[in-house]
Structures are given as C-alpha cells and as structure tokens.
Amino acid sequence: MVIKICETIQSIRDEIKNRKRKDIDALVTFVPTMGYLHRGHITLVDVAKRDGQIVVVSIFVNPTQFGPTEDLAAYPRDIENDVRLLNEACPNAILFLPSSKEMYPSGVVNLSDATTATYVDVGSMTTVREGIARPGHFRGVATVVTKLVNIVQPDIMYLGQKDAMQCVCLKKCFQDLNNPTRVVIVDTVREPSGLAMSSRNSYLTESERLDASLIYRSMKEVASVYRTLSVEQLQEQLTTKITSNPKMVVEYISVANGSTGSELSPSLDSIPPQSIISLAVFFNGQNRKTRLIDVLIL
Ligand SMILES: Nc1ncnc2c1ncn2[C@@H]1O[C@H](COP(=O)(O)OP(=O)(O)OP(=O)(O)O)[C@@H](O)[C@H]1O
Ligand SMILES: CC(C)(CO)[C@@H](O)C(=O)[O-]
Ligand code: BAL
C-alpha cells in the first residue's frame, strides 16, 4: 500500500467520502504542514494514525502567511522525500498537495486588503509578540487552515507546540467560529542537542545547529529558577545567555498566559505556572540569516 496523493479539492473530498462509505464510523484525523518533513511532523502523523482511521496530511507552502520580505521563495521543498517519509510512517494516509491556484483561484490576493479578500482574523493575535513581529502572518494562517479544514472536515487536527502562538490562534479561531474539529497539541520534538526540529533548520550548517541548541539550554536554565524572577528579569537573563553567542540576535522573548497568549506585564514579580516562554531568534549563519522560534511551558 502507498499513500494516495490528491492535488485537487474535488479529488480529496471524493477520496474521503469513498473511505467513509466503507467505514461510516471512521474518524478523520488531519495534520496540516508546509512540507520538508522531519521527525516533528512524523510524530504528529503517528498520533493522527493512533487516533483515527482516515489520516490526511496536507503539504502547502501557504503564500499568504509570509510577509513581503520573508523567505517564501527560499522555503525548503522536497516533495519526493516527503512522500517517502509518509509512505514509511502511514502508508494508507491521504496526502493533500494542492497548488496555489487550487487554494487561491483568484490569485494570491493581499489579505490585508479587505475589499478583495475573504479572510479569517483572530483579533487577539495582532497584539501577541509573534503577531507583532510578523504582521498579517496569523491572518494568513487562520485563513488557510480554515480553508483546509473546510475541505477535509476532520474530526481532529494536530498541531505542534513549537509554534505556540499558532496553537493559541487556531484554538481561538475554531472556538469563536464554532468549528467542531478538535485541536490536539503535540509536544515539541527536538534534536539530541535540544534544538527544536524545524524545516528552517536546513538553512543552518551542522555546527550552526549545534550552536543554536544554546537557545533551548538557556530557556531550560531560566525556567529552573523562574519562581525567583520577575518577567523582566527572566527576559534579561535569557537574552544575555542566548546572545553570549554573537551569531544570535534576539527578536523578542515573550512571557505569556498559557491559554490566551496575552503578554504578562514585564513588572510582574511572580510568573504563574503554565505561562509560556516563547521567543524568536535570528541566527546569522554562513548561508543566510535564519529565524528560529522555540517555546517552553513553565
Ligand atoms: N519540532 C516539532 N515538534 C512538533 N511539531 C512540530 C515541530 N516542528 C513543526 N511542527 C509542527 O508541524 C506542523 C507543520 O509545521 P511546518 O510545516 O511549518 O514545519 P516547521 O518545521 O515548523 O517549519 P518552519 O521551519 O516553517 O518553522 C505545525 O503544526 C508545527 O507546529
Ligand atoms: C498550520 C500551517 C500548515 C498553515 O499553513 C503552517 O503554519 C505550519 O506548517 O505550521
Ligand atoms: N510553522 C510556522 C510556519 C511559518 O513560519 O510560516
């Protein structure tokens, strides 16, 4: 058995309908991705396979979630290897592999132009640090995931904790729009060094990846003493540790409420358990500047 690849909305709808006809109680589980699969993605597929009978994975590098100066063109792609990994992990999966034209038939409109586009905006995401750092990003994410979920109509969708604010955004989106799909968050899968697995790690050399593992080590160090720190002290100490490697520049360090994603006040003396530390760091590597994100829940 090998995975079934569907490139059109009609063909994936038909495939899911046919499979459900054979097993009306089958649960549809869904893993949305942008491809260049790694062990983090495959872990989400493993959980989806455990929970459901019809496993759908999508690979779509969604242009509307990239800012004009971001890495849409350079984003790593290797469909052949992705298909090989999916065949190994879940040979009866359905892979939805739409073109940009299929997802955005009227062209990739500028989602900031409300007169030309229908979009999904999770209002609170414009004030979280990742939303401020990437204007329009969460609008692109919420819009494309709403479209994907309307196409696949899964019972359960799986997201990785690494993209912490994306999890907050999509949970809020589904809740506010009464979308019945259950959202399951899966722990971050890491390299042996501690570096969070990410498709963008491929921009780094092997030794740069080892250097970048300082990010997670530093997060763990400050997390072990967070009860003694104010929000501001935690941010300062973490910045100092990470930037002890001059190749790294901290874009932001957020300390936020675990369920709403809202930022805790820097002057707050005691940080509540379950708060989320999330951050973005630029690694100035020999090939290019790479933006890395990571998260730790206290
Ligand atoms: N290390 C990881 N552990 C668990 N889940 C992950 C990990 N990396 C990515 N995911 C999840 O896989 C899904 C698809 O993510 P995506 O295709 O953007 O991969 P990525 O590695 O996060 O890429 P990027 O380099 O763009 O951050 C998302 O829900 C994401 O959170
Ligand atoms: C959820 C997602 C597939 C939407 O394009 C993307 O943001 C990602 O891969 O995390
Ligand atoms: N996993 C996050 C996708 C993005 O950076 O656009």
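None of the values given here were measured: they were computed from a predicted structure.

### A short note on the domain arrangement of the chain
Next up, step 1: Entries for the chain in the domain assignment read domain 1 (4–186) and domain 2 (199–292).
Next up, step 2: Contacts between the two partners involve 17 residues from domain 1, matched on the other side by 19 residues from domain 2.
Next up, step 3: Roughly 1400 Å² is buried in total at the junction of domain 1 and domain 2, and carbon and sulfur atoms are behind 50% of that figure.
Next up, step 4: Taken together, the connections running from domain 1 to domain 2 amount to two salt bridges.
Next up, step 5: With a shortest N-O distance of 2.8 Å, Glu 130 and Arg 291 are connected by a salt bridge.
Next up, step 6: Elements that contribute at least two residues to the side of domain 1 that touches domain 2 include exactly α5 (129–133) and α7 (164–176).
Next up, step 7: Split by residue class, the side of domain 1 that touches domain 2 holds 10 nonpolar, three polar and four charged.

### Considering the pairing of strand β3 (residues 54–59)
Next up, step 1: In terms of burial, β3 is a largely internal element, six of the six residues being buried.
Next up, step 2: Across the two faces of β3 the burial is the same, with Ile 54, Val 56 and Ser 58 and Val 55, Val 57 and Ile 59 all buried.
Next up, step 3: As defined by bridge partners, strand β2 (residues 28–33) adjoins β3 across six bridges and the pair is classed as parallel. In the strand pairing of β3, Val 28 is matched with Ile 54.
Next up, step 4: Handedness of the crossover joining β2 and β3 through helix α2 (residues 39–51): right-handed.
Next up, step 5: The pairing of β3 with strand β4 (residues 94–96) spans three bridges and is classified as parallel. The partner of Val 57 across the bridge, within β4, is Leu 95.

Definitions and limits used
- Residues numbered from 1 in each chain as written.
- Chains lettered and ligands numbered in written order.
- Predicted model: local features only at pLDDT ≥ 70, side-chain atom pairs only at ≥ 80, totals over all residues.
- Heavy atoms only, no water.
- Domains from an automatic or database assignment.
- Contact = heavy atoms within 4.5 Å.
- Buried area = accessible area lost by both parts, 1.4 Å probe.
- Salt bridge = Lys/Arg side-chain N within 4 Å of Asp/Glu carboxyl O.
- Helix = DSSP H or I, 4+ residues; strand = E, 2+ residues; numbered from the N terminus.
- Nonpolar A, V, L, I, M, F, W, Y, C, P; charged D, E, K, R; others polar.
- Buried < 20%, exposed > 50% of the residue type's maximum accessible area, 1.4 Å probe, protein only.
- Pairing = 2+ DSSP bridges.
- Right-handed = clockwise from strand over helix to strand, strands pointing away.

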